[in-house]
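Structural features, examined
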Amino acid sequence: MSKRYKVFLFALATLVISLGAPSNVVSQDLDIHIQVRPGKTAVTNVSGSFNQAFRRIHPRNFTLLDDYGPATGLSKRFGDVRLFTATGDALGYRTFSTSERLAEGVIGRFAYSADLAPSTDPAVLAHVSWVADQSGLILLDDLLPQTAGRTARVKIELPAGWTMLSTEKLTGPNVFAVADVEKAVFHLASGQNSRAEAHKERVHVAISGEWLFSDDEARAMAESIFGEFERRYGPLPGPDYNIAIYKFPVPVPSGRWQADTRGRSVTIVASDMPFRSQSIQRLHEQLRHEIFHLWIPNGLNLGGSFDWFYEGFALYESLKLGVSLNRIRFDDYLDTLSRAINIDALESKHRSLIEASKSRWNGANTQLYARGILVAFACDLALLAKSGGKHSVTNVLRTVFATHPLQSTRVDGNTAILKILRGYPELVPIIDRNITGYSDIDWAPLLSAAGLELAARERSAHLRPVAKPSGRQRDLIDKLGYNSWRRLSGIKR
């Protein structure tokens, strides 16, 4: 994700990163040592050292992360900041804000404390580090100085009987070579409470706490969804992928959840649903959405803010996959799209999706999600109609994944995506009106081709199949999943 974004039950831990751990990997920007110990507070002591080559790049600036996604003011968590030369002499510095400092000399080492008590705002708990009495999430990016570079050698010492889950490369006992600090995720747990199992030795599912779904059900869902996306878009290059499911560490009403897919790690933080059937259904929805992000955007080498694409199309692909796997009804698919249409109609401030992506965390999130899923739906309808059901948004996503894999040259995401979309002439009007521009989507011809219509219902619009579809309309609506759930339920056409 962008920078400005069985599992675990364990006693509250104090995380200590010791100063000046020795390094034998000269090419890495930072060397740190982490000791995890049970404790009564969530105060974390952080220290580390820059390598000699990196000290020449950012000799005096010391910056701590302040904002990440919906979380703001993160640098207020840090205190007792101390800066040192490479030989350990103390350095004075000027403080410009809680996140910005300028040292009087070249910084070689640093030390400070961080309060990792969980935020009372559940919206941020999947996106930043926290430590509670029974669970914790450690993300290197929001703990380390932003002038620390991308790579690090990390040694983590755990108490006896504790386990650790991470996709970072293990180079020695509890020693990791982190290739990109922004993507590094560590999940820790006491061994007696850890429940984790591998799918095909690549996908590890970790679950903390008690849920109404079973561990086996969660693993089976992850296996089915991961396999389906792999079939649709192609295999992922990484050796392993982690999925961790946490209970919220603070009181949260039932039905709430947040998630973050970073690098090769999926983190879901949630409260359970009131009933077992709802719990299973909601978990499948979470996994469909977040596992998609392992491919797009995490499997791409694209930069910039193109959230409209990977969030909007994730929502839409999740819906279609839910229908095709018989997890949701076709009526549920239409109901979700109908709600998005009504939300979009209420927006008084019209902005293009490109602009909405730039201000996603500043009030444009709802607009981006609603319009993003609708644009994906419109593209799917246009592609299906033009190709007679042979092409859909799945073809577009497969092309994006094949054209801009991680090993390719990094380019701007919006430029790359729009170029691929414009390769389909039938999508050009949607791009000009609804992605780079902000006009109402012209639903009538798109819906008619697929045997759908917008009907008024209690002061709102509702999608429904037409009463007497033609043969071509039946063929296209079946491509959307109309007949999949009908066959399962025994309903005759």
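Above: the structure in question.
What you are looking at is a predicted structure, and each value in this text was computed from that prediction instead of being measured.

1. So, the sheet that holds strand E11 (residues 136-139)
Pairing is antiparallel in the open sheet, where 4 strands are placed in the order E10-E11-E16-E13. Of all the strands in the sheet, the pair left with one neighbour each is strand E10 (130-131) and strand E13 (162-165). Pairing between E10 and E11: 2 bridges, direction antiparallel. Among the inter-strand pairings, Val-131 is bridged to a residue of E11, identified as Gly-136.

2. Description of the pairing of strand E25 (residues 460-465)
Where strand E24 (residues 452-457) lies against E25, 6 bridges are found, and the strand directions are antiparallel. Each residue of the ladder has a partner; that of Leu-454, found in E25, is Leu-463. The antiparallel pairing of E24 with E25 creates a hairpin that spans 2 residues between the two strands, and Glu-458 there sits at a positive phi of about 50°.

3. Observations regarding empty space enclosed by the protein
The rolling of a water-molecule-sized probe over the atoms marks out the regions of remaining empty space. Within this model, the second largest cavity holds a volume of roughly 30 Å³. Considering the residues around the second largest cavity, the lining is formed by Ala-126, Leu-139, Val-185, Asp-260, Arg-262, Ser-265 and Thr-267. Secondary structure elements with two or more residues in the lining of the second largest cavity: strand E20 (257-262) and strand E21 (265-270). Its residues placed into classes, the lining of the second largest cavity shows 3 nonpolar, 2 polar and 2 charged.

4. Digging into the pairing of E21
Within E21, 6 of the 6 residues are buried, which leaves it mostly tucked inside the rest of the structure. Neither face of E21 is open: one carries Ser-265, Thr-267 and Val-269, the other Val-266, Ile-268 and Ala-270, and all of them are buried. With 6 bridges connecting them, E20 and E21 associate as antiparallel partners. When the sheet's bridge partners are listed, Trp-257 is paired in E21 with Ala-270.

5. Structural notes on the pattern of salt bridges
One pass over the full model with this rule turns up 18 salt bridges. Between Arg-232 and Glu-317 there is a salt bridge, with its nearest N and O atoms 3.3 Å apart. One end of the pair, Arg-232, is in helix H3 (residues 215-233); the other, Glu-317, is in helix H5 (residues 307-324), and 85 residues separate them in sequence. For the residue pair Arg-232 and Glu-317, the accessibility class agrees, reading buried in each case. The shortest N-O distance in the salt bridge between Arg-329 and Asp-331 comes to 3.9 Å. Look at Arg-329 and you get partly exposed, because its relative accessible area is 40%. For Asp-331, a relative accessible area of 31% translates into the label partly exposed. What you see here is one network of salt bridges that share partners, running through Glu-228, Arg-231, Arg-232 and Glu-317.

Cut-offs and rules
Residues numbered from 1 in each chain as written. Predicted model: local features only at pLDDT ≥ 70, side-chain atom pairs only at ≥ 80, totals over all residues. Heavy atoms only, no water. Pairing = 2+ DSSP bridges. Helix = DSSP H or I, 4+ residues; strand = E, 2+ residues; numbered from the N terminus. 1 Å grid on protein atoms, 1.4 Å probe; cavity = no way out; pocket = protein on both sides within 12 Å on 5 of 7 lines; lining within 4 Å. Points joined across faces, edges and corners; volume = space filled by probe spheres on them. Nonpolar A, V, L, I, M, F, W, Y, C, P; charged D, E, K, R; others polar. Buried < 20%, exposed > 50% of the residue type's maximum accessible area, 1.4 Å probe, protein only. Salt bridge = Lys/Arg side-chain N within 4 Å of Asp/Glu carboxyl O.

Everything listed is a geometric property; what it means functionally is a separate question.
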